Amino acid sequence: MTVSAGRSAHPALADAEPAVFWLDDPAAPEPVPALAGPIEADLLVVGAGYSGLWTALRAVERDPSRSVVVLETRDCGHEASGRNGGFVSASLTHGFGNGLARWPGELATLDRLGDDNLRDISDTIQRRGIDCDWEQTGELSVATAPHQLAELEELAVAMGRAGHDVELLDAAAVRQRLDSPTYVGGLADPRGTALVHPARLAWGLRRACLDLGVRIHEHSRVTRLDQDGAGLVAHTSDGSVRAGRVALATNAFPPLLRRLRLMTVPVYDYVLMSEPLSPSQLSAVGWAGREGVGDSANQFHYYRLTRDNRILWGGYDAVYHYGSRIERDLEQSDRTHGLLARHFFETFPQLEGLRFSHRWGGVIDTCTRFAAFFGTAYAGRAAYALGYTGLGVAATRFGADVMLDLLDGEPTQRTELEMVRRRPLPFPPEPARYAGIQLTRWSLNRADRRGGRRNPWLRALDAAGLGFDS
Ligand SMILES: Cc1cc2nc3c(=O)[nH]c(=O)nc-3n(C[C@H](O)[C@H](O)[C@H](O)COP(=O)(O)OP(=O)(O)OC[C@H]3O[C@@H](n4cnc5c(N)ncnc54)[C@H](O)[C@@H]3O)c2cc1C
């Protein structure tokens with residue numbers, strides 16, 4: 001990986017490796033061979049992040065006689081699934097607030113399905129012996145400005161009415177859990193979130209698939225999908241897979257179906273990982289409950305502890321590059337990493353002197369409604385699930401079952417959901433896409449600085465049910 005010129009964008013970044021902490025792990029598996037020559041399968045899964053791996057695993061769990069092949073451009077879990085914050089949220093809708101705004105009539109069902117999904121993930125991890133630092137910590141949303149606290153109060157009422165066991169906290173109460181002079185209050189949700197080592201979860205799912213007979217080929221990018229009699233054929237540079245059904249789990253990467261090209265945009269999200277905190281540094285912040293934390297601005301930070309008490313600190317900027325560019329060099333940003341480091345020490349001045357060991361970035365597949373959408377192509381022979389935005393760690397398992405339901409062609413409770421049946425509006429083509437996203441980011445930043453007041457552009461987007469988020 002190219003080392004970006006200003007590794008010392010902030011003094012605490014001087015020794016930070018430009019690499020993904022989670023992937024830099026002795027537990028990383030040896031790659032399996034690339035596809036060579038033509039093969040056949042009942043189901044082909046394209047992409048091996050959580051979405052593809054859950055689809056393959058659920059496919060054989062649901063029907064052990066089904067032959068399944070997975071093709072992956074790089075190594076399983078190398079992209080978003082191996083480099084995220086590791087927040088495993090029960091929400092299928094990118095948070096309760098987004099679900100309430102878009103699907104108020106079926107949010108109770110979506111909440112229940114989300115809870116079941118989180119429990120099933122935990123069960124799978126246990127049953128299959130996946131060593132991935134699973135911690136059911138819950139989540140703490142913190143307010144750093146009075147208008148954010150007012151929004152959390154409203155959210156607490158709505159969540160309470162919907163049966164969520166949440167607790168609103170004043171500044172003193174939130175600082176007792178985690179101490180930052182920037183906090184004016186918070187909302188504790190002890191049940192809806194777990195934390196995980198994201199790459200180890202992906203590798204564990206990969207192992208489970210291999211153990212159940214799924215054939216995985218890494219370094220095998222699908223370049224084309226064609227109809228072939230009653231099935232489909234996917235081509236790679238050195239082989240092909242003929243399959244009756246195909247599940248497309250390619251996230252932010254260029255989709256194999258033309259119709260999906262405007263449905264998502266790749267957005268870079270950036271992360272820092274600190275060195276392990278000493279016992280005295282840890283006691284200076286508290287954090288006995290080890291909750292995953294998010295602040296409540298439009299441009300928000302998310303942070304958490306790792307098993308060895310490092311702090312992962314990410315978010316804030318969500319960067320879109322003209323023409324939906326995705327390149328390895330874009331994973332390092334002096335500007336954003338430096339900004340994140342500054343924000344970290346503003347939040348935790350008592351940790352001055354702590355250094356960061358790793359810095360990285362990755363792409364998320366943002367869609368205009370922030371929650372996944374689903375569909376089929378080739379007369380029901382191919383299905384896709386995309387648009388998880390920044391909350392796909394758990395939701396991809398739900399999406400995997402939706403894709404399998406759609407490919408089976410039988411209606412289920414999942415496929416009857418409005419959220420599953422309806423798709424979001426697309427983004428416009430360039431140059432309007434870039435201009436619109438930049439204007440939206442500028443407006444969101446301004447709203448954060450002006451007590452949450454949304455300008456006419458954001459209000460127009462809100463009225464149309466459109467937006468940009470990470
Ligand atoms: C920095 C960061 C932090 C995040 N934090 C969180 C978080 O804390 N909690 C949360 O819920 N979500 C988080 N997310 C989002 C979450 O990681 C994703 O929603 C989730 O991993 C999506 O899984 P996926 O399988 O769809 O995508 P990916 O993991 O990107 O997998 C898609 C795979 O498809 C492969 N592929 C693409 N095209 C082809 C092709 N033509 N042929 C073969 N293979 C192909 C890619 O190589 C890739 O491996 C974060 C994302 C990022 C980047």
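Residue positions are given per chain, counted from 1 along the sequence in the order it is written. At least 70 in pLDDT is required for a residue's local features to be given in this predicted model, at least 80 for side-chain atom pairs to be given and counted, and no such filter applies to totals for whole chains, interfaces and linings, which use all residues. Side-chain calculation: all heavy atoms of the structure are included, whereas hydrogens and water are not.

Help me get a handle on the overall build of the protein chain, residues and values and all.
Only runs of H or I of at least four residues qualify as helices and only runs of E of at least two qualify as strands under DSSP, and these elements are numbered from the N terminus. A count of helices and strands for the protein chain gives 13 helices and 18 strands. Only C-alpha atoms enter the radius of gyration; for comparison, a globular chain is expected to reach 2.2 Å times N to the power 0.38, where N is the number of residues. A compact globule built from 470 residues would reach a C-alpha radius of gyration of about 23 Å, and the protein chain, at 22 Å, matches this within 12%. Dimensions of the protein chain, computed from the C-alpha atoms along their principal axes, are close to 65 × 45 × 45 Å. Buried means the residue's accessible area, taken with a 1.4 Å probe over protein chains only, is under 20% of the maximum for its type, while exposed means over 50%, and partly exposed covers the values in between. Residues counted as buried form 57% of the 470 residues belonging to the protein chain. Between two residues, a contact is recorded if the distance between any of their heavy atoms is within 4.5 Å. Counting only contacts in the protein chain whose residues sit at least 6 apart along the sequence, the fraction spanning at least 24 positions is 76%. In the form shown here, the protein chain has an accessible surface area of approximately 18,800 Å², with 51% of it arising from carbon and sulfur atoms. Residue exposure ignores everything except the shown protein chains as possible cover, and the areas themselves are Shrake-Rupley values with a 1.4 Å probe.

So what's going on with the layout of surface pockets? Residues and values would help.
Of the pockets and cavities examined, the second largest pocket occupies roughly 410 Å³. Residues are called lining when one of their atoms sits within 4 Å of a cavity or pocket point, these points coming from a 1 Å grid over the protein atoms alone, where a cavity is a set in which a 1.4 Å probe fits but cannot get out and a pocket is an open set with protein on both sides within 12 Å along at least five of seven lines. Taken together, 19 residues line the second largest pocket, and the ones lying closest to its centre are Thr144, Ala297, Gln299, His301 and Tyr316. Counting residues per element, the ones that place at least two in the lining of the second largest pocket are α5 (146–161), β14 (301–305), β15 (311–319), α9 (334–347) and α12 (432–449). Looking at the lining of the second largest pocket residue by residue, the classes come out as six nonpolar, nine polar and four charged. Grid points are joined across faces, edges and corners, and a volume is the space filled by probe spheres set on the points. Three classes are used, and their members are as follows: Ala, Val, Leu, Ile, Met, Phe, Trp, Tyr, Cys and Pro are nonpolar, Asp, Glu, Lys and Arg are charged, and the others, Gly among them, are polar.

Which residues make up the pattern of salt bridges, and what values go with them?
The salt bridge definition used is simple: a Lys or Arg side-chain nitrogen within 4 Å of an Asp or Glu carboxyl oxygen. A full pass over the atoms with the stated rule returns 37 salt bridges. Put simply, aspartate 15 and arginine 355 hold a salt bridge, and the shortest N to O gap is 2.7 Å. Of this pair, aspartate 15 sits in the segment before β1 (37–46) while arginine 355 sits in the loop between α9 and β16 (356–366), and the two are 340 residues apart along the sequence. Relative accessible area serves as the criterion here: at 30%, arginine 355 is assigned to the partly exposed category. Here arginine 83 and glutamate 331 are joined by a salt bridge, their closest N and O atoms 3.2 Å apart. Here glutamate 331 lies in the loop between β15 and α9 and arginine 83 lies in helix α2 (residues 80–83), a separation of 248 residues in the sequence. A single burial state applies to arginine 83 and to glutamate 331, both of which are buried.

Describe the site of the ligand, and please don't skip the residues or the numbers.
Nearness here has a simple test: a residue counts as near a molecule or strand if at least one of its heavy atoms is within 4 Å of that partner. Of all residues adjacent to the ligand, which total 37 residues, the nearest are Glu72, Ser81, Phe87, Val222 and Val393. Protein burial of the ligand: of its 1,000 Å² of free accessible surface, 97% is covered by the chains. Looking at the shell around the ligand, the elements that each hand over two or more residues are α1 (50–62), α2, β12 (265–274) and β16. Residues belonging to the shell around the ligand are distributed by class as follows: 16 nonpolar, 16 polar and five charged.

Outline empty space enclosed by the protein, supporting the account with residue identities and numerical values.
Following the criterion strictly, the structure yields three cavities of 30 Å³ or more and no others. Considered as a void within the structure, the largest cavity measures approximately 100 Å³ in volume. Going through the elements one at a time, β15 and α12 are the ones with two or more residues in the lining of the largest cavity. Here the residues of the lining of the largest cavity sort into five nonpolar, three polar and two charged.

Summarise the packing of helix α4 (residues 107–127) against helix α10 (residues 395–408); cite the residues concerned and give the values.
Only C-alpha atoms enter the line fits that serve as axes; for helices the fit covers just the stretch in contact. Angles between N-to-C directions range over 0 to 180 degrees. Interaxial distance between α4 and α10 falls to 9 Å at its minimum, and their mutual angle equals 105 degrees. In terms of their interaxial angle, α4 and α10 are classed as roughly perpendicular. Contacts from Leu113, Asn117, Asp120 and Ile121 of α4 reach α10 at Ala395, Arg397 and Phe398. Its residues assigned to classes, the contact of α4 with α10 shows four nonpolar, one polar and two charged. Roughly parallel means an angle under 35 degrees; roughly antiparallel means over 145; roughly perpendicular covers 65 to 115; every other angle is labelled oblique.

Describe the pairing of strand β9 (residues 224–228), listing the residues and the values that go with them.
Pairing between β9 and strand β10 (residues 231–235): five bridges, direction antiparallel. Residue pairing in the sheet places leucine 225 in a bridge with alanine 234 of β10. When DSSP finds two or more bridges between two strands, those strands count as paired.

Summarise α9; cite the residues concerned and give the values.
In this analysis, the expected span of each helix is defined as 1.5 Å times one less than the number of residues it contains. Across its 14 residues, α9 extends 20 Å between first and last C-alpha, which sits within 8% of the 20 Å expected from 1.5 Å per residue. With ten of its 14 residues buried, α9 lies for the most part within the structure. Inspection of α9 places Thr336, His337, Gly338, Leu339, Leu340, Ala341, His343, Phe344, Phe345 and Thr347 among the buried residues, and these make up the whole buried set. Contacts made by the buried residues of α9 are with β12, β14, β15 and β16.

So, a nonpolar patch on the surface: which residues are in play, and what are the values?
Together, Leu439, Trp442 and Trp457 give the surface a local cluster of nonpolar side chains, amounting to about 300 Å² of exposed area. Relative to the helices and strands, leucine 439 resides in helix α12. Patches were defined on residues exceeding 30% relative accessible area and lacking a salt bridge, with like-charge contacts within 9 Å and nonpolar side-chain contacts (Val, Leu, Ile, Met, Phe, Trp, Tyr) within 5 Å.

Lay out the sheet that holds β12 in plain terms, naming residues and giving numbers.
On the basis of which strands lie adjacent, the open sheet formed by eight strands has the order β5-β6-β4-β13-β14-β15-β12-β16 and mixed pairing. Every other strand in the sheet has two partners, leaving β5 (167–170) and β16 as the edge strands with one partner each. Adjacent strand axes in the sheet meet at a mean angle of 20 degrees, parallel and antiparallel pairs treated alike. By the bridge criterion, ten bridges tie β12 to β16 in an arrangement that is antiparallel.

Describe in detail unusual backbone geometry, supporting the description with residues and values.
Geometrically, the link from glutamate 430 to proline 431 is a cis peptide bond, its omega value of 5 degrees lying close to zero. Its location among the elements puts proline 431 in the loop between α11 (418–421) and α12. Phi is positive for aspartate 133, close to 55 degrees, though the residue is something other than glycine. Note on placement: aspartate 133 falls in the loop between α4 and β4 (139–143). Even without a glycine there, the phi angle at serine 324 is positive, about 60 degrees. Position of serine 324 relative to the elements: it lies in the loop between β15 and α9. With a relative accessible area of 22%, serine 324 lands in the partly exposed category.

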